[in-house]
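Observations on the model geometry
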Amino acid sequence: MEKPVREIRINPIVPSESVLVATARGMRPKKAEAPAPRDTRSHVETCPFCTGNEHMTPPVIASYPAEKNWEIRIVENLYPVLGDDRQNPNLTFGLQQTIDGYGRHEVMIDHNRHGIAIHEMGEPHLALLFGAYRDRMEQLYRSNSRLRYVLVFKNFGPAAGASIAHTHSQVIATPVIPDNVQAEVSNSRAFYHKNHHCVFCSLIDEALTFEATIYDRESGEIRRKINVGQYVIERGKRFIAIKPFASRYEWEVHILPLAHQSDFLRISKDDLNDLARVMRRTMARLDAVLGGAQYNYFLHSLPHDVQFEGCEASYHWHLEITPRTSIPTGFELGSGLFVNTVAPEMAAEKLRAVVLD
Ligand SMILES: [Zn+2]
Ligand SMILES: [Zn+2]
Ligand SMILES: [Zn+2]
C-alpha cells in the first residue's frame, strides 16, 4: 500500500516555482476534467482543414512533403491573436504601459487525416512534423528582428483550448519572451555559473543513475527510498521522456535530447527520427492510461535574443506535455502553487507499465 504524499516540491529548474503534491484518497481537492470525445473520422466534408477544402483556409504558407498530396499544411490563422498591423501605436499612459500586439499567428495542420491522434501517426510523419516546426521557427526568427520568441504548441480538446477538431498545432511569434522561458533560461544560467554544468543534463544524469535510501535518524527505519530512475518514462537513442519530480500537472511528461542542445533549430535528421519514436511511444502510453485526455504540448528552446547570448551551454531545449485531467482551482490561481493529486512516481510507474507493440 502506497503511503499518501503531502509535500511541497521545489522545481529544480525554476526554484521559485513549487507544487503541492497531495495524494490522500478522498481528499479530492480538485474537480476532474472529462476526456474530450474523440472525433475519429478521417475525413469531414465541412472541415476547413480536410483535403479538398483547401480554399476554405487563408493562403498556404508551406506544405509537406509538397503542396499536391500534402500531409502537413501551414496556413495563417483566421483569427490571429497577434498580427502585422500596428494598432494603437504609442498609446501608453502612466502605469498602463503597452507593447504593440505585433507578431505572427499560424496554424499547422498536423495531418491530412481529420481525427488521427499523435500516437497513431507514423514515425516518419512525426519526424516530418517536428521538421516543419523547426523550419517555420527558423523562418520566423529570420523574418523580423522584432520577433523575440517563436512558440510552437498544440491544444487537444476544448478544455485545452482547441476550437477545431481536426488535428493541428499552432505557431505564435511574439515581441516578448514568455515569462516561463525567461525564468528557465536565467535560472539555468545561474546554476551553470555556480556548478559549471547544465541543470537539465544533471537531471538526466540523475534520472539514469541515482539511487538512495533515507533512514530515520533516530529509529534507523527506512523513511524513503529514492530511485530517480523511476521517473524515466521512455528512453530512445537520442531522447528521453521524464516525469518531472515536481510536476504541476498529474500526467505531465517532458521530452529532452540526451546530448546537450540549447536550440531546437539545431536538431539533426537522426535526432528528428528518434524524437518521433520517443514522442509516439510517450503519447501511446499517455493514451493507454488516460484514454483521450485533453492536453497541450509546447516547445521551450533558447530564445534568439542578444539578452541570452552565451546561454548555449546552460540551457537545454525540451518539449513539455501537459494533459489536462483536472480543473485549476482558486487556490492554484491565487497562490501560483499548483496541486498535484497523483504522486509523480506513481504516475511514472503506470506510464512505464503500459505494454507497447
Ligand atoms: Zn478535418
Ligand atoms: Zn544540458
Ligand atoms: Zn520548459
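Read on for an overview of the structure. All residue numbers refer to positions counted from 1 along the written sequence of the respective chain. Chains and ligands are labelled by the order in which they are written, letters from A for the one and numbers from 1 for the other. Note on the predicted model: pLDDT of at least 70 is required for a residue's local features to be given, and 80 or more for side-chain atom pairs to be given and counted; whole-chain, interface and lining totals, by contrast, use all residues. Side-chain figures throughout are based on the complete set of non-hydrogen atoms in the structure, without hydrogens or water.

1. Structural notes on the environment of Gln170
Secondary structure counts use DSSP, requiring at least four H or I residues in a row for a helix and at least two E residues in a row for a strand, with both numbered from the N terminus. Relative to the helices and strands, Gln170 resides in strand E7 (residues 168-174). Think of it in three bands: residues with accessible area under 20% of the maximum for their type are buried, residues over 50% are exposed, and the middle band is partly exposed, with areas taken using a 1.4 Å probe on protein chains only. A residue is classified by how much of its surface remains accessible, and Gln170, at 10% relative accessible area, is buried. Linking Gln170 and Val152, residues 18 residues apart in sequence, is a C-alpha distance of 5.8 Å. Ignoring sequence-local partners within four residues, the contact set of Gln170 consists of Asn77, His105, Glu106, Leu151, Val152, Phe153 and Asn155. Only 2.7 Å separates the side chain of Gln170 from the side chain of His105, close enough to count as a polar contact. We call two residues contacting when some pair of their heavy atoms lies within 4.5 Å. The definition of a polar contact used here is a pair of N or O atoms within 3.5 Å, where within protein one atom must be able to donate a hydrogen and the other to accept one, and adjacent residues in sequence count solely through side-chain atom pairs.

2. Thoughts on the side chain of Ser169
With respect to the secondary-structure elements, Ser169 resides in strand E7. Reaching out from Ser169, the side chain makes a polar contact with the side chain of Tyr133 at a distance of 2.7 Å. Leaving out residues up to four positions away in the same chain, Ser169 has contacts with Glu106, Val107, Met108, Asp110, Tyr133, Phe153, Lys154 and Tyr297.

3. Brief notes about the coordination of the zinc ion (ligand 3)
With distances of 1.9 to 2.8 Å, the protein atoms coordinating the zinc ion (ligand 3) are Glu184 (OE), Glu184 (OE), His300 (ND1), His318 (NE2) and Glu320 (OE). Every donor residue of the zinc ion (ligand 3) comes from the same chain, spaced as E-x115-H-x17-H-x1-E. Within this pair, whereas Glu184 is found in helix H2 (residues 179-195), its partner His318 is found in strand E14 (residues 318-323), the two being separated by 134 residues in sequence. Metal-coordinating donors are taken as N, O and S atoms lying within 2.8 Å of the metal, or within 3.2 Å when the metal is Na, K or Ca; because water is left out, some sites can appear incomplete.

4. A closer look at the sheet that holds strand E1 (residues 6-10)
The pairing criterion for strands is at least two bridges between them, as found by DSSP. Overall, mixed pairing links the three strands, which are arranged E1-E2-E15 in an open sheet. Pairing within the sheet leaves two strands with one partner each, and these edge strands are E1 and strand E15 (338-340). Strand-to-strand twist in this sheet, taken as the mean axis angle between neighbours without regard to direction, amounts to 30°. Of the pairings in the sheet, the one linking E1 to strand E2 (residues 18-22) comprises five bridges and is antiparallel in character. Throughout, an axis means a line fitted to C-alpha atoms (over the contacting stretch in the case of helices), and angles, computed between N-to-C directions, take values from 0 to 180 degrees.

5. Re the pattern of salt bridges
Salt bridge criterion: a side-chain nitrogen from Lys or Arg within 4 Å of a carboxyl oxygen from Asp or Glu. Per the counting criterion, the structure on display carries 17 salt bridges. What you see here is one network of salt bridges that share partners, running through Glu76, Arg104, Glu106 and Arg136.

6. Some details on the environment of Glu349
Within the secondary structure, Glu349 sits in helix H6 (residues 344-353). Taking the relative accessible area as the measure of exposure, Glu349 reaches 48% and is therefore partly exposed. Separated by 330 residues in the primary sequence, Glu349 and Val19 place their C-alpha atoms 20 Å from one another.

7. Here's the deal with unusual backbone geometry
Cis geometry is found at the peptide bond from Tyr64 to Pro65, where omega equals -10°. Relative to the elements of secondary structure, Pro65 occurs in the loop between strand E3 (60-64) and strand E4 (72-76). You will see that Asn69, though not glycine, has its phi angle at about 55°, which is positive. Within the secondary structure layout, Asn69 lies in the loop between E3 and E4. Positive phi values are uncommon outside glycine, yet His196 reaches one of about 65°. If you trace the backbone, His196 turns up in the loop between H2 and helix H3 (199-209). A residue is classified by how much of its surface remains accessible, and His196, at 59% relative accessible area, is exposed.

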